[in-house]
Amino acid sequence: MLKSLWAKFLVLLIAVVAIGLSATFLLRELMVKDFRVYLEGEREDRAYWVTAALESSYDKYSGWREESIIENTVWAMMLGIEMKLFDTDGTLIMDTDMAINTLSPFVKKRVMAISERRVKESDSPFSPYALFLGGRQIGTLEVRFLLPQKEKVFIRRSNRFLLISLLALGGIAVFLSIVFSRKMTRPIKALTSAAAAIEEGDLRSRVGTSGNDEIGRLSDAFNRMARKLEVQEALRKKLTSNIAHELRTPISAIRGELEGMIDGLISADKETLKSLYAEIGRLKSILNGIEDLSQAEASSLMIRKVHLHLQPFLRNITERFRKASMDKGVSLELSCDDDLAVGADPDKLSQIIINLLSNALKATEKNGRVWVRAMSGGDKVRIEVGDTGCGIRDSDLPFIFERFYRASEGGLGIGLTIVKELAEAHGGKITAQSSYGKGSVFTLLIPA
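This section reports on the structure supplied with the text. Once a new chain begins, its residue numbering starts again from 1 and follows that chain's sequence as written. Local features in this predicted model are restricted to residues of pLDDT 70 or higher, and side-chain atom pairs are both shown and tallied only at a pLDDT of 80 or more, whereas totals for entire chains, interfaces and linings draw on every residue. Side-chain metrics in this entry use all non-hydrogen atoms of the structure; hydrogen atoms and water are not considered.

### Let's talk about the overall build of the protein
Numbering of helices and strands starts at the N terminus; helices are DSSP runs of H or I of at least 4 residues and strands are runs of E of at least 2. Of the regular secondary structure elements, the protein holds eleven helices and twelve strands. Throughout this description, buried means an accessible area under 20% of the type-specific maximum (1.4 Å probe, protein chains only), exposed means over 50%, and partly exposed covers the range between. Buried positions account for 37% of the 448 residues belonging to the protein. Note on contacts: a residue pair is in contact if any heavy atoms of the two residues lie within 4.5 Å. Put simply, of all contacts in the protein between residues at least 6 apart along the chain, 67% involve residues at least 24 apart. When the accessible surface of the protein is summed, it comes to about 27000 Å², and 57% of that surface belongs to carbon and sulfur atoms. Using the Shrake-Rupley algorithm and a 1.4 Å probe, accessible areas are obtained, with residue cover drawn only from the displayed protein chains.

### Focus: the packing of aromatic side chains
Stacked, edge-to-face and tilted labels apply to pairs of Phe, Tyr and Trp rings (six-membered ring for Trp) whose centres lie within 6.5 Å, assigned for plane angles under 30 degrees, over 60, and everything in between, in that order. A full pass over the atoms with the stated rule returns two aromatic pairs. Judged by centre distance (5.7 Å) and plane angle (85°), the ring pair of tyrosine 48 and tyrosine 129 falls under edge-to-face. Here tyrosine 48, found in helix H1 (residues 5-61), pairs with tyrosine 129, found in strand S4 (residues 127-133); they are 81 residues apart in sequence, far enough to count as distant. For tyrosine 48, a relative accessible area of 48% translates into the label partly exposed. Working rule: Lys NZ or Arg CZ, within 6 Å of ring centre, within 35 degrees of ring normal, means a charge sits over the ring. In this arrangement the basic side chain of arginine 43 is found over the ring face of phenylalanine 145, its NZ or CZ atom lying 5.8 Å from the centre. Here the guanidinium or amino end of lysine 84 rests over the ring plane of phenylalanine 126, the centre of that ring lying 4.7 Å away.

### What to know about the pattern of salt bridges
By convention in these notes, a salt bridge is any Lys or Arg side-chain nitrogen within 4 Å of a carboxyl oxygen on Asp or Glu. Applying the stated rule across the entire model yields nine salt bridges. The closest approach of N and O atoms between arginine 382 and glutamate 384, which form a salt bridge, is 3.1 Å. Residue classification places arginine 382 among the partly exposed residues on the basis of a relative accessible area of 31%. By relative accessible area, which is 11% here, glutamate 384 ends up buried. If you follow the salt bridges from partner to partner, you end up with Arg373, Arg382 and Glu384 in one network.

### Here we look at helix H10 (residues 346-363)
End to end, H10 covers 26 Å across 18 residues, agreeing with the expected 26 Å (1.5 Å per residue, within 8%). Taken residue by residue, H10 has Lys348, Leu349, Ser350, Ile352, Ile353, Asn355, Leu356, Leu357, Ala360, Leu361 and Ala363 as its buried positions. The term polar contact refers here to a pair of N or O atoms within 3.5 Å; inside protein, the definition further demands a hydrogen-donor-capable atom paired with an acceptor-capable atom, and it admits residues adjacent in sequence only when both atoms are side-chain atoms. The opening residue of H10 is aspartate 345, an N-cap whose side-chain oxygen sits 3.0 Å from the backbone nitrogen of aspartate 347. The length a helix should cover is 1.5 Å for every residue beyond the first.

### Side note on the layout of surface pockets
Here a cavity denotes grid points, spaced 1 Å and computed from the protein atoms alone, that fit a 1.4 Å probe unable to get out, and a pocket denotes an open set having protein on both sides within 12 Å along at least 5 of 7 lines; residues with an atom within 4 Å of a point are the lining. Grid points are joined across faces, edges and corners, and a volume is the space filled by probe spheres set on the points. Of the voids in this model, the second largest pocket is the one considered here, and its volume is about 350 Å³. If you go around the second largest pocket, you meet 15 residues; those closest to its centre are Lys228, Gln232, Phe401, Glu402 and Lys420. Per-element tally for the lining of the second largest pocket: the top contributor is helix H6 (residues 214-263), with four residues. Each residue belonging to the lining of the second largest pocket can be placed in one class, and the counts come to seven nonpolar, two polar and six charged. Polar here means any residue outside two lists: the nonpolar Ala, Val, Leu, Ile, Met, Phe, Trp, Tyr, Cys and Pro, and the charged Asp, Glu, Lys and Arg; Gly therefore counts as polar.

### A closer look at a nonpolar patch on the surface
The patch calculation keeps residues exceeding 30% relative accessible area without a salt bridge and links them within 9 Å when they carry like charges or within 5 Å when they are nonpolar (Val, Leu, Ile, Met, Phe, Trp, Tyr). Together, Leu169, Ile172, Phe175, Leu176, Val179, Phe180 and Met184 make up an exposed nonpolar region whose accessible area comes to about 640 Å². Secondary-structure assignment places leucine 176 in helix H5 (residues 149-199). Look at leucine 176 and you get partly exposed, because its relative accessible area is 37%.

### Description of the side chain of asparagine 355
In this fold, asparagine 355 is placed in helix H10. With near-sequence residues (within four places) excluded, asparagine 355 lies in contact with Gly415 and Val419.

### Regarding the pairing of strand S12 (residues 439-447)
When DSSP finds at least two bridges between two strands, those strands are taken to pair. Relative to S12, strand S10 (residues 380-387) runs antiparallel, the two sharing eight bridges. Looking at S12, one finds that glycine 386 is bridged to valine 441.

### Notes on the packing of helix H8 (residues 310-320) against H10
Here an axis means a line fitted to C-alpha atoms, over the contact stretch when the element is a helix, while the angle between two N-to-C directions is reported on a 0 to 180 degree scale. Interaxial distance between H8 and H10 falls to 11 Å at its minimum, and their mutual angle equals 45°. In terms of axis orientation, H8 runs oblique to H10. The crossing of H8 and H10 is right-handed. Contacts from Leu310, Phe313, Leu314, Ile317, Thr318 and Arg320 of H8 reach H10 at Pro346, Leu349, Ser350, Ile353, Ile354 and Leu357. Along the lines of polarity and charge, the residues of the contact of H8 with H10 split into nine nonpolar, two polar and one charged. The scheme is simple: roughly parallel for angles under 35 degrees, roughly antiparallel for over 145, roughly perpendicular for 65 to 115, oblique for anything else. Should the near helix be turned anticlockwise from the far one by less than a right angle, the crossing is left-handed, and should it be turned clockwise, the crossing is right-handed.

If you want it as structure tokens, here you go:
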């Protein structure tokens, strides 16, 4: 049972409750102990009051006067003290019972009514107090304290209240421990079930999210992961279909021409061989694209940054596209500060810019415009590649950097994925803005 997370949470919460209740018992014992110490101090003070009164009476009357002794004995009884007074020879002079019996019936009734509110401590002995006057002992006072009934009632009621409180609060605490332990583990169980469903191939499995605590954020992260896995799986299936389609065309062409040669319908001349060679080139391009993506994904381990001046670097790349842009009737512009520099891998950064420029030229028709701009952005360098071409649909824009996603016919949909991988390998990022039918702007941000 303790293997389950719910059981562990429950045991932990009940242990906390038990510790809290134990602390309550300990606190109660300490409070009662302090209360009893306080009462003992009060009783000692009353005993000293009585001894002082008796010594004062002896001094006043130059001996033990019965009326004064009876008065002090009754007063001691009302203070909760049962007493015996002895002279220096050990002869009993007065005790509480003797003094009470000398009172009138009315006064005796009143005094006894007061004394009934007190009880004798069972088998408690008398405590002796020596009486002195002028440094000479004049007698001995023995006292025994009577406990007020209200003190016993207070302790008894406090014990009953504590017991009821512990049972009530302990029961509530255990109940809440069960409720909250189930509530805390319910989303974890849901995550476990969803993860098991994904393991079985159900990538549409999701968990409910509530609140902004750690479990809520974990559930949200799990759902995002599941969505990405679902997208990746859809892209993988699409890739399989796309690769099969892309490979089928050149393979079919090659096979058709070879069958024609075998059957003697097509002569094995130079033109036919060139056609076969071109189709093999298409096959190689497809395989190279897949290999480029694998290398881009591992590029973070192969980045070799150098101090790179961007103006000559970008001018060299744009000049390589100058003839293609002129042939297509598209203007190609470059804007970059002369002193702008960046720490980057020249080969990888060149691959990013070439890929973006190639896409921009493909998307732009005659009389259109393609531009490359580089500028400083604080601790980042901002490189823009924009065009006035066909643009990207809003429905496609969020997915253009996903591997194997194709917003239009042609290609494998890995070019922008490679750009994204290489940008992140430099510690930067790539973003895109587009207006369908009007053009697109890709922005690369990398540390300066």
